[in-house]
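Summary of structural features
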Amino acid sequence: MSGDVRVALPEEAAILSTLEAGTKVLLSGVIYTMRDAGHARCLAYLREHGELPFGLAGQVLFYAGPTPERAGRPFGAIGPTTASRMDFAAPELYRAGIVSTIGKGKRSREVVDACRMCKATYLACVGGVAALLAERVVHATCVAWEDLGTEALWRIEVEDLSAFVEVDATGRDLYREIEASADPA
């Protein structure tokens, strides 16, 4: 796996802002998961209190809805959610201190601009491999909003979770580059 950049989280989270779009990363350490409804609650807290809840500042947020534990693992499956579903919240969360997000698919122009302005990144995981990604989770704890089920806020510890930098801290966006290079005009 030469060329992969290993990042220990959260201690080395700042490294993510130095990586170019297209770089493969292997994440180990603590990340948080949350989906649509969790984002709405997180934004409500942020707007009321002026800061992110539960120590989320400086952290990486994985857009995922894990399934219940299975076969002695913390989760049966944990796959990336379509990231554009969280575009309503991402710019504000980046401004409040989230250093990187992980999901699948293209982001809005507003999210790309927020990555550039906040020196944040968007990482993408391959979709369709949720059971394999679950093997990378070594520990999990529900932090908040358990009533939301799969959309709750989870603190997970991962070992060598593979992802690619899709939008880097300069605003370089691989999805738009690929679209532009495929456009015959």
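Let me begin by describing the structure that accompanies this report. (Residues numbered from 1 in each chain as written. Predicted model: local features only at pLDDT ≥ 70, side-chain atom pairs only at ≥ 80, totals over all residues. Heavy atoms only, no water.)

On to the state of the cysteines. This structure, assessed with the given rule, holds zero disulfides. Looking at Cys125, it has no disulfide partner, and the nearest cysteine sulfur is the one in Cys115, 15 Å off. Using a relative accessible area of 7% as the deciding quantity, one classes Cys125 as buried. In this model Cys142 remains outside any disulfide bridge; the closest cysteine sulfur is found in Cys42, 14 Å from its own. (Disulfide = S-S within 2.5 Å. Buried < 20%, exposed > 50% of the residue type's maximum accessible area, 1.4 Å probe, protein only.)

Where empty space is left in the structure can be found by rolling a water-sized probe over the atoms. What the largest pocket holds in volume is close to 250 Å³. As for the largest pocket, its lining consists of 15 residues, of which Leu132, Leu133, Arg136, Asp160 and Ser162 are closest to the centre. Of all the secondary structure elements, the ones that give two or more residues to the lining of the largest pocket are strand S2 (24-33), helix H4 (130-134) and strand S7 (153-167). Per element, the largest residue contribution to the lining of the largest pocket is five residues, and it comes from S7. (1 Å grid on protein atoms, 1.4 Å probe; cavity = no way out; pocket = protein on both sides within 12 Å on 5 of 7 lines; lining within 4 Å. Points joined across faces, edges and corners; volume = space filled by probe spheres on them. Helix = DSSP H or I, 4+ residues; strand = E, 2+ residues; numbered from the N terminus.)

Another aspect to go through is the nonpolar core. Core analysis: the biggest nonpolar cluster contains 28 residues, and Leu93 and Tyr94 have the highest contact counts within it. Contributing elements (two or more residues each) for this core: S2, helix H1 (36-49), helix H2 (90-96), helix H3 (109-118), strand S5 (121-124) and S7. At four residues, the largest contribution of residues to this core is made by H3. Here Leu93 is in contact with His39, Cys42, Leu43, Leu46, Leu52, Leu61 and Ile98, once residues within four sequence places are set aside. Core analysis: the second largest hydrophobic core is formed by 25 residues, Leu27, Val60, Val137 and Ala163 among them. (Core = buried A, V, L, I, M, F, W, Y, C linked by side-chain atoms within 4.5 Å. Contact = heavy atoms within 4.5 Å.)

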